[in-house]
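Examining the three-dimensional arrangement
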Amino acid sequence: HHLLVVCWLATLPTFQPLSVIRNQYHNGQCRVLSLKTKCRSLAIRGGADFEEGDANLTYSLHELQKRSVEHVISRVIANNISHFGPWKHLFFDSHWRDVLTMAIRPSELQYHGVWSYQDLDMPRDDLDGSPAAIFINSDMTNMSKVAELVNEDRFESVFIFASGPTSDELWETFSKCLKRGIDESPIKSISDVHFDFISLDHNFFELGIRNFYSKMFAAEPSEADRMQRRAADGLFNVMTTCALLP
């Protein structure tokens, strides 16, 4: 089961789209970028609250998420672009597979230089040294898989995009899994991304949290707290994708 959140977004005539990224690590230096956004107020309403014609949107949540994905993938550029050109590999975990499948078509990924895309668990054969973009939900299972991928030294550069917010402690633990540490690895950047939700339509989405209710009400308090945190982070992702202030 998934936690399903239904949200009608109010019309914002002066809306400006935004991709929100917090770079935690870039070229050997740790830094935090402030979220630069023009915020708007958001009215979350039930269907009965709308008057006739009031539910028409001036923008599409799905299109905004797609633009965010395209913007992030466009940041994946080879160090030796004269050799590798615009081509890149795309990897993702099972959660981001669902997010990306609904956000952008595979044929559209090719417009951004993605010539191979696959789950982190799939065999990795016939890959050249082009840059790799990796989308993951930030848990230690995924971190171990990414570390294994990086340790193979098969890519000219690696760009990691994790569901934000993440902690410095998480990346310190990840660094210890690398055979040469982050500074000497092919990792070029590690970024939090804040468009982690599954867009089902222009104003309809879900957070993609599997078995939410069973974990909330039949688990240890720590697990329930973690589920609540994921739900809150997911809704924050929706708001920041739309440049909205709840």
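Scroll up a little and you will see the structure.
Residues numbered from 1 in each chain as written. Predicted model: local features only at pLDDT ≥ 70, side-chain atom pairs only at ≥ 80, totals over all residues. Heavy atoms only, no water.

When you go through the chain residue by residue, the secondary structure sums to eight helices and 11 strands. The buried share among the 246 residues of the chain stands at 49%. For the chain, the proportion of contacts with a sequence separation of at least 24, taken over those separated by at least 6, is 82%. (Helix = DSSP H or I, 4+ residues; strand = E, 2+ residues; numbered from the N terminus. Buried < 20%, exposed > 50% of the residue type's maximum accessible area, 1.4 Å probe, protein only. Contact = heavy atoms within 4.5 Å.)

Position of H112 among the secondary structure elements: in the loop between α4 (106-110) and β5 (114-119). Assessed through its relative accessible area of 23%, H112 is described here as partly exposed. Separated by 41 residues in the primary sequence, H112 and H71 place their C-alpha atoms 9.5 Å from one another. The contacts of H112, once residues within four sequence positions are left out, are E70, I73, P86 and K88. A polar contact is formed between the side chain of H112 and the side chain of E70, at a distance of 3.4 Å. (Polar contact = N/O pair within 3.5 Å; in protein donor to acceptor, adjacent residues only side chain to side chain.)

On a regular strand, one side chain projects to one face of the sheet and the next to the other, so that they alternate. Across the five residues that make up strand β6 (residues 132-136), a large majority, five, are buried. Because side chains alternate across β6, one face comprises the buried residues A132, I134 and I136, and the other comprises A133 and F135, equally buried. With four bridges joining them, strand β4 (residues 88-92) and β6 adopt parallel strand pairing. Directly across from L90, in β6, lies its bridge partner A133. Where β6 lies against strand β7 (residues 158-163), five bridges are found, and the strand directions are parallel. (Pairing = 2+ DSSP bridges.)

Let us now look at unusual backbone geometry. Cis geometry is adopted by the peptide bond preceding P165, which originates at G164 and carries an omega value of 0°. Among the secondary structure elements, P165 is positioned in the loop between β7 and α6 (168-176). One non-glycine residue, D153, lies in the positive phi region at around 55°. Position of D153 relative to the elements: it lies in the loop between α5 (140-151) and β7.

Take the pattern of salt bridges next. Under the criterion given, the structure shown has nine salt bridges. We note a salt bridge from D119 to R97, for which the minimum N-O separation is 3.8 Å. One end of the pair, D119, is in strand β5; the other, R97, is in helix α3 (residues 94-103), with 22 residues separating them in the sequence. Here D119 falls in the buried class, since its relative accessible area comes to 11%. Overall, the relative accessible area of 34% leaves R97 in the partly exposed class. A salt bridge links R105 to E108, with the shortest nitrogen-to-oxygen separation between them at 3.6 Å. According to the relative accessible area criterion, R105 is exposed, its value standing at 56%. When salt bridges that share partners are traced, they join K66, R105 and E108 into one network. (Salt bridge = Lys/Arg side-chain N within 4 Å of Asp/Glu carboxyl O.)

With that settled, consider the nonpolar core. Taken as a class, soluble globular proteins show a tendency for nonpolar side chains to be buried jointly. In this structure, L90, W96, F135, F161 and F195 are the most contacted members of the largest nonpolar core, which totals 35 residues. Of all hydrophobic cores here, the second largest spans 22 residues; its members include F91, A132, V146 and F174. (Core = buried A, V, L, I, M, F, W, Y, C linked by side-chain atoms within 4.5 Å.)

Let us look at the side chain of N142. Checked against the element boundaries, N142 lands in helix α5. Judged by its relative accessible area of 7%, N142 falls in the buried class. Here D93 takes part through its side chain, which lies 2.9 Å from a polar atom of the side chain of N142. Leave out the neighbours within four places in its chain, and N142 touches D93, I136 and N137.

By secondary structure assignment, the location of M239 is in helix α8 (residues 221-241). Overall, M239 belongs to the buried group, its relative accessible area being 10%. M239 sits 44 residues away from F195 along the chain, and the two C-alpha atoms are 8.8 Å apart.

The next thing to look at is the side chain of S130. Its location among the elements puts S130 in the loop between β5 and β6. The buried category is assigned to S130, whose relative accessible area is 1%. Excluding residues within four positions of it along the chain, S130 makes contact with F84, W87, K88, H89, W115, F155 and E156.

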